[in-house]
Amino acid sequence: MKVIGIVTSGGDAPGMNAAVRAITRVSNKLGMDVFGIYHGYAGLIEDEIIRLDTRKVGDILHRGGTILKTARSPEFMTEAGQAKAVANIKKYGMQGLAIIGGDGSFRGALALQKHGIRVVGIPGTIDNDIPCTDYTIGFDTAVNTIVDSVNKIRDTATSHERTFVVEVMGKNCGDLALSSGLAGGAEVILIPEIEPDYDAVCKKVQKSHDQAKSHAVVIVAEGVGGDPKGRGVYDSSAFRVANYINEKTNIETRVTILGHIQRGGSPTVNDRLLASRLGAEAAKALYEKDTGKMVATKDGKIVRVDLEYALTQKKTVKEEFIELANLLASV
Ligand code: F6P
C-alpha cells in the first residue's frame with residue numbers, strides 16, 4: 001500500500017484529531033503517502049481532499065472536534081454518490097481508507113469495500129455504542145464532561161434541595177448515562193436498554209427526599225422511551241421524567257439537557273492514548289493490506305475485528321455497573 005486517505009465521519013468526538021495524527025505519522029514512517037478528506041463522505045464526493053504529512057498534523061493532539069471536519073451525507077447513501085466517491089479515491093491514487101466514526105460511518109465503509117476500496121474502521125463516537133470494542137474514541141472525555149457538569153448541578157441542587165433530571169446523549173445506548181451516573185453518584189439512572197418505570201423513579205426520589213437527602217440527581221439517556229431521532233426538544237426524555245415526578249410528587253424538579261457540550265473539549269489522557277493506539281494500528285493494518293477490519297480494544301489490548309461481523313453484533317449492557325449503581329444509590 002502506497003497511498004491512503006483518512007475520513008472522519010458522523011458526529012465528531014474528542015480524540016479524532018489524535019487518531020488522524022497517529023495514522024498520518026505511522027503511515028509516513030511506513031512509506032505511505034496520506035490524504036485527508038474534508039467533511040466525511042460528502043468531501044469524497046465533492047473532491048475536498050488535501051495532502052497530510054507528519055508536520056501538518058502537529059499541534060492537533062490536544063484539540064477537540066476534527067480538523068478534517070465531518071458531515072452526514074445523504075448523497076453517499078446513493079449508488080451515484082458512491083460512484084463519485086470511488087472516482088475521486090482513484091483520482092488521487094488512494095488504495096485504502098482509514099475511516100474514523102460510528103456505525104453509520106462503518107456502513108459507508110462497507111459500501112466502499114463493495115466497490116473494491118480497502119477500508120479500516122476506527123471506532124470514534126462519544127456514544128460507545130459500537131460492538132466488539134471495549135471503548136470508542138471520545139467516550140471517556142464525554143463522560144468526564146458530564147460528571148463535571150453533574151458536580152456543578154449538585155451544588156445548586158443541594159442548596160435549593162431540588163431534584164434535577166439531567167439528560168445525556170448516547171443515541172440508543174446507555175453507556176454514557178450509566179458511567180456518568182455511577183461516577184457522578186446519581187440517585188437514579190435511566191438507560192434505553194431497560195424499559196423505564198416512572199413510578200419506581202418517583203418512589204426513589206420521594207424516598208431520598210423523605211430521608212432528608214439534600215438533593216436527588218436523575219440521569220436519563222436521550223434514548224429512553226424510544227429512538228431520540230426525530231423527537232422534538234420539547235419531547236425530550238428528561239422532560240417526560242421531570243413532568244411525571246412533578247405530577248406524582250410535590251418535589252421541586254428542574255431539567256438540564258447537556259446537549260452538544262458533551263461532544264466538545266480537549267480529549268482526556270485515556271482518549272488520547274486510545275486514539276493514538278488505534279490510529280497506529282489502523283495504519284499498520286492498511287500497510288499490511290489487512291483490510292475490512294475495525295481496530296478495537298479488547299480487555300485493554302489492541303485487536304483487529306472483521307468490520308462486517310462487528311456491525312452484526314449486539315452491544316451488551318454493563319450489568320455489573322447497573323447493580324453497583326443501584327447498590328450505591330440505595331437510601
Ligand atoms: O452520535 C453522537 C451523537 O452526539 C449522539 O449522542 C446524538 O444522538 C447525536 O450524535 C446528535 O447528532 P447531531 O449532532 O447531528 O444533532
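In the block above lies the structure referred to throughout.
Just so you know, the residues in each chain are numbered from 1, in the order the chain's sequence is written. The model is predicted, so local features are restricted to residues of pLDDT at least 70 and side-chain atom pairs to those at 80 or more, both for listing and for counting; the totals for chains, interfaces and linings are taken over all residues. The basis for every side-chain value is the complete set of heavy atoms in the structure, and neither hydrogens nor water enter the calculation.

Caption draft 1: Region of the structure containing the packing of helix α7 (residues 198–210) against helix α8 (residues 237–248). The interhelical angle for the contact between α7 and α8, taken along N-to-C directions, is 60 degrees, at an axis separation of 10 Å. With respect to the hand of their crossing, α7 and α8 are arranged in right-handed fashion. Listed contacts from α8 to Tyr-198, Asp-199, Val-201, Cys-202 and Val-205 of α7 are Arg-240, Val-241, Tyr-244, Ile-245 and Lys-248. Amino acid classes used here: Ala, Val, Leu, Ile, Met, Phe, Trp, Tyr, Cys and Pro are nonpolar; Asp, Glu, Lys and Arg are charged; the rest, including Gly, are polar. Taken together, the residues of the contact of α7 with α8 sort by class into 7 nonpolar, no polar and 3 charged. To get an axis, fit a line to the C-alpha atoms, keeping to the stretch in contact for a helix; angles then go from 0 to 180 degrees between the N-to-C directions. Note on conventions: DSSP H or I runs of at least 4 residues are helices, E runs of at least 2 residues are strands, and numbering of each starts at the N terminus. Each helix crossing is assigned a hand: it is left-handed if the near helix lies turned anticlockwise from the far helix by less than a right angle, otherwise right-handed if that turn is clockwise. Should any heavy atoms of two residues lie within 4.5 Å, those residues are considered in contact.

Caption draft 2: Representation of the environment of Ser-149. Along the chain, Ser-149 turns up in helix α5 (residues 139–160). Only protein chains enter the accessibility calculation, which uses a 1.4 Å probe. A residue is then buried if its area is under 20% of the maximum for its type, exposed if over 50%, and partly exposed in between. A residue is classified by how much of its surface remains accessible, and Ser-149, at 14% relative accessible area, is buried. Taking the C-alpha atoms as reference points, Ser-149 and Thr-256, separated by 107 residues in sequence, lie 9.7 Å from one another.

Caption draft 3: Quick look at the pattern of salt bridges. A side-chain nitrogen of Lys or Arg and a carboxyl oxygen of Asp or Glu constitute a salt bridge if their distance falls within 4 Å. The full count for this structure, using the stated rule, is 18 salt bridges. With its nearest N and O atoms 2.4 Å apart, the salt bridge here joins Asp-47 to Lys-91. Of this pair, Asp-47 sits in the loop between α2 (40–46) and β3 (49–52) while Lys-91 sits in helix α3 (residues 79–91), and the two are 44 residues apart along the sequence. On the accessibility criterion, Lys-91 (56% relative accessible area) is exposed. Counted as one network, the salt bridges with shared partners bring together Glu-281, Glu-288, Asp-290, Lys-293 and Arg-304.

Caption draft 4: Examining helix α1 (residues 16–29) more closely. Helix length check: α1, at 14 residues, gives a terminal C-alpha distance of 20 Å against a target of 20 Å (1.5 Å per residue), a fit within 8%. Restricting attention to buried positions, one finds in α1 the residues Met-16, Asn-17, Ala-18, Ala-19, Val-20, Ala-22, Ile-23, Thr-24 and Ser-27. Of the residues trailing α1, Gly-31 is marked for its positive phi of about 90 degrees. Here the expected length of a helix is defined as 1.5 Å per residue gap, with one fewer gap than residues.

Caption draft 5: Representation of the pairing of strand β8 (residues 216–221). In terms of burial, β8 is largely enclosed, as 6 of its 6 residues are buried. Residues Ala-216, Val-218 and Val-220 line one face of β8 and the alternating positions Val-217, Ile-219 and Ala-221 line the opposite face, and both faces are buried. Here strand β6 (residues 163–168) runs beside β8; their pairing, made up of 6 bridges, is parallel. Across the sheet, residue Phe-164 finds its bridge partner in β8, namely Val-217. Strand pairing is assigned whenever DSSP identifies at least 2 bridges connecting the two strands. Sheet topology places strand β7 (residues 188–190) next to β8; 3 bridges connect them, and they run parallel. Paired with Ile-189 across the bridge in β8 is Ile-219. Every crossover in which the path from the first strand over the helix to the second runs clockwise, viewed with the strands pointing away from the viewer, is termed right-handed. Handedness of the β-α-β unit built from β7, α7 and β8 comes out right-handed.

Caption draft 6: Here's a closer look at the sheet that holds β7. Strand order in the open sheet formed by 4 strands is β7-β8-β6-β9, and the pairing between neighbours is parallel. A strand with exactly one partner marks an edge of an open sheet, and here the two such strands are β7 and β9 (253–257). Sheet twist, expressed as the average angle between the axes of neighbouring strands with direction ignored, equals 15 degrees. Contacts from α5 reach β6, β8 and β9 within the one sheet, and its direction differs from that of β6 by about 165 degrees.

Caption draft 7: Summary view of the packing of aromatic side chains. Two rings belonging to Phe, Tyr or Trp (six-membered ring only in the last case) form a pair when the distance between their centres is within 6.5 Å. Interplanar angles under 30 degrees mark stacking, angles over 60 mark edge-to-face geometry, and anything in between is tilted. For the coordinates displayed, the defined rule picks out 4 aromatic pairs. Where Phe-35 meets Tyr-92, the ring centres are 5.2 Å apart and the plane angle is 70 degrees; that geometry is what we call edge-to-face. With a gap of 57 residues between them, Phe-35 in strand β2 (residues 33–37) and Tyr-92 in the loop between α3 and β4 (96–101) connect regions that are remote in the sequence. Each ring, one from Tyr-198 and one from Tyr-244, has its centre 5.5 Å from the other, and the planes form 40 degrees; the classification is tilted. On the criterion of sequence distance, the pair formed by Tyr-198 in helix α7 and Tyr-244 in helix α8 is long-range, its members being 46 residues apart. Across the ring face of Phe-321, the terminal group of Lys-318 is positioned such that the distance to the ring centre comes to 5.8 Å. Each ring is checked for a lysine NZ or an arginine CZ that lies within 6 Å of its centre and within 35 degrees of its normal; such an atom marks a charge sitting over the ring.

Caption draft 8: Spotlight on the site of the ligand. It suffices for a single heavy atom of a residue to lie within 4 Å of a molecule or strand for the residue to be listed as near it. If you check the shell around the ligand, you find Arg-72, Thr-125, Ile-126, Asp-127, Met-169, Gly-170, Lys-171, Glu-222, His-260 and Arg-263 and nothing else. In protein, a polar contact requires one atom able to donate a hydrogen and another able to accept it; more generally it is a pair of N or O atoms within 3.5 Å, and residues adjacent in sequence count only if both atoms are side-chain atoms. Within the side chain of Arg-72, one N or O atom sits 3.0 Å away from an oxygen atom of the ligand. Contacts to the ligand include Asp-127, whose side-chain N or O atom sits 2.7 Å from an oxygen atom. A 1.4 Å probe and the Shrake-Rupley method give the accessible areas. Residues count as covered only by the protein chains that appear here. Notes on the ligand: free accessible area 400 Å², of which the protein chains cover 73%. Reported domain spans reflect what an automatic or database domain assignment gives. In this structure, the shell around the ligand is formed jointly by two domains, domain 1 (3–137 + 267–312) and domain 2 (141–263), each of which donates at least three residues.

Caption draft 9: Representation of empty space enclosed by the protein. Space inside and on the surface of the protein is sampled on a 1 Å grid over the protein atoms alone, with a cavity defined as a set of points where a 1.4 Å probe fits but cannot get out and a pocket as an open set with protein on both sides within 12 Å along at least 5 of 7 lines; lining residues have an atom within 4 Å of a point. Grid points are joined across faces, edges and corners, and a volume is the space filled by probe spheres set on the points. Taken as a whole and assessed by the stated rule, the structure comprises 1 cavity of 30 Å³ or more. Approximately 40 Å³ is the volume attributed to the largest cavity. Taken together, Glu-161, Arg-162, Thr-163, Val-205, Ser-208, His-209, Lys-213, Ser-214, His-215 and Ala-216 make up the full set of residues lining the largest cavity. It is α7 that provides the largest number of residues to the lining of the largest cavity, a total of 3 residues. Partitioned by chemical class, the residues of the lining of the largest cavity number 2 nonpolar, 5 polar and 3 charged.

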